[in-house]
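Below, each chain spelled out in residue letters.
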Amino acid sequence: GTITRVGGLVAKVDKKFTRARKEPMAVIQIEDVEGALEAVVFPAPYQEYQALLVEGTPVLVCGQVDKKEDAVTMKIYEMYALDQVPRWFTERISLHLPATHVQPEVLTTIKNLLKANPGPTPVVFCLQFQKGEEVFVNTESAYNVNPSDALIRELQRLLGEEGVYVAVSHRPCRKVPNGKWNNGR
């Protein structure tokens, strides 16, 4: 099956136990505007993500999708609260500034915004020159941010919508699945 990620609401949680070791696991239903997906949460991910296995919780799930006849199911490897997804799946934020318009006040405001929103995501400045050249400047890790909606909106207010680029990870899961989560299959 294909490894992918899907967002939606936890609509149903059916807690079960494995036959051999009697470890807790669950079969859940994830719903979005287009429909529902049945997903299995084996013991290892169940232990790690059980706090999210509550009906009505908005989540992003990552795992392996399998199609048998008309039914599509997913083996969940990872789960994230939907409001935490930008923190874990944003690779970097690029701030595009025309070099001729870089003003000390704007840079100070940006610096203060970045410092007020610490997190794991690196920030890169892209200085744009009149003849089309671009110079990319990486910031120190002290300026890494939590890419919240509020921070992105504030940066867009300062630099314009085109001045803020959010690079999203294309990897469906953050961690590499380790066979154990799906009984080695």
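As a reminder, the structure under discussion sits directly above these lines.
Nothing here was measured: the structure is a model prediction, and the numbers come from that model.

(A) Spatial organisation of the sheet that holds strand S4 (residues 58-68). Pairing within the closed barrel is mixed, and its 5 strands lie in the order S1-S2-S3-S5-S4. On average, adjacent strands in this sheet sit at an angle of 50 degrees to one another, irrespective of strand direction. Bridge analysis of strand S3 (residues 35-41) against strand S5 (residues 71-81) gives 3 bridges, and the strand direction is parallel. Residue Glu 38 lies in a different strand from S5, and its bridge partner there is Thr 73.

(B) Region of the structure containing helix H4 (residues 149-159). Along H4, the residues classified as buried are Leu 151, Ile 152, Leu 155 and Leu 159. An end-on view of H4 places all buried positions within 95 degrees of arc, on one side of the element. Away from the buried face of H4 by more than 90 degrees, exposed residues Asp 149, Arg 153 and Arg 157 are located. Next to the buried residues of H4 lie strand S6 (90-98), helix H3 (104-115) and strand S10 (164-168).

(C) Spatial organisation of the environment of Asp 83. Topologically, Asp 83 is positioned in the loop between S5 and helix H2 (85-89). By relative accessible area, Asp 83 is classed as exposed at 63%. Between the C-alpha atom of Asp 83 and that of Ser 148, which follows or precedes it by 65 residues, the distance is 8.4 Å.

(D) Inspection of the sheet that holds S6 at higher detail. Pairing within the open sheet is mixed, and its 4 strands lie in the order S9-S8-S6-S10. Bordering the open sheet on either side are strand S9 (134-138) and S10, each of which pairs with just one other strand. Going across the sheet, the axis of each strand differs from the next one's by a mean of 25 degrees, ignoring polarity. Inspection of the sheet shows strand S8 (residues 123-128) paired to S9 by 5 bridges, in the antiparallel sense. Looking across to S9, one finds that Phe 125 is bridged to Val 137. Lying on the sheet, H4 is in contact with S6 and S10; it crosses S10 at an angle near 145 degrees.

(E) The arrangement of the side chain of Glu 78 in detail. Tracing the backbone shows Glu 78 in strand S5. At 2.9 Å, the side chain of Glu 78 forms a polar contact with the backbone nitrogen of Arg 174.

(F) Quick peek at the pattern of salt bridges. This structure, assessed with the given rule, holds 4 salt bridges. Measuring nitrogen to oxygen at the nearest pair gives 2.5 Å for the salt bridge that ties Lys 175 to Glu 48. With Lys 175 in the segment after S10 and Glu 48 in helix H1 (residues 43-49), this pair connects stretches of sequence that are 127 residues apart. Judged by its relative accessible area of 44%, Glu 48 falls in the partly exposed class.

(G) Main features of unusual backbone geometry. One non-glycine residue, Lys 22, lies in positive phi territory at about 60 degrees. The phi torsion at Glu 69 lies on the positive side, around 50 degrees, for a residue other than glycine. Tracing the backbone through its elements, the reader meets Glu 69 in the loop between S4 and S5. Residue classification places Glu 69 among the exposed positions, given a relative accessible area of 76%.

(H) Seen up close, the packing of aromatic side chains. Scanning the entire structure with this criterion turns up 2 aromatic pairs. Between Tyr 49 and Tyr 80 the ring centres are 6.4 Å apart and the planes differ by 55 degrees, which places this aromatic pair in the tilted class. Note that Tyr 49 is positioned in helix H1 and Tyr 80 in strand S5, a separation of 31 residues in sequence. Residues Tyr 80 and Phe 89 carry aromatic rings whose centres are separated by 5.3 Å and whose planes lie at 90 degrees to one another, so their mutual orientation is edge-to-face. Taken as a pair, Tyr 80 and Phe 89 share a single burial class, namely buried. Among the aromatic side chains, those forming a connected cluster through ring pairs are Tyr 49, Tyr 80 and Phe 89. Taking the ring centre of Trp 88 as reference, the NZ or CZ of Arg 87 above it sits at 5.3 Å. Here Lys 115 stacks its cationic end above the ring of Tyr 143, 4.7 Å away from the centre of that ring.

Rules and cut-offs
- Residues numbered from 1 in each chain as written.
- Predicted model: local features only at pLDDT ≥ 70, side-chain atom pairs only at ≥ 80, totals over all residues.
- Heavy atoms only, no water.
- Pairing = 2+ DSSP bridges.
- Helix = DSSP H or I, 4+ residues; strand = E, 2+ residues; numbered from the N terminus.
- Axes fitted to C-alpha atoms, helices over the stretch in contact; angles between N-to-C directions.
- Buried < 20%, exposed > 50% of the residue type's maximum accessible area, 1.4 Å probe, protein only.
- Arc of directions from axis to C-beta.
- Contact = heavy atoms within 4.5 Å.
- Polar contact = N/O pair within 3.5 Å; in protein donor to acceptor, adjacent residues only side chain to side chain.
- Salt bridge = Lys/Arg side-chain N within 4 Å of Asp/Glu carboxyl O.
- Phe/Tyr/Trp six-rings, centres within 6.5 Å; stacked < 30°, edge-to-face > 60°.
- Lys NZ or Arg CZ within 6 Å of the ring centre and 35° of its normal.

Remember, this is a structural readout, not a statement about activity or role.
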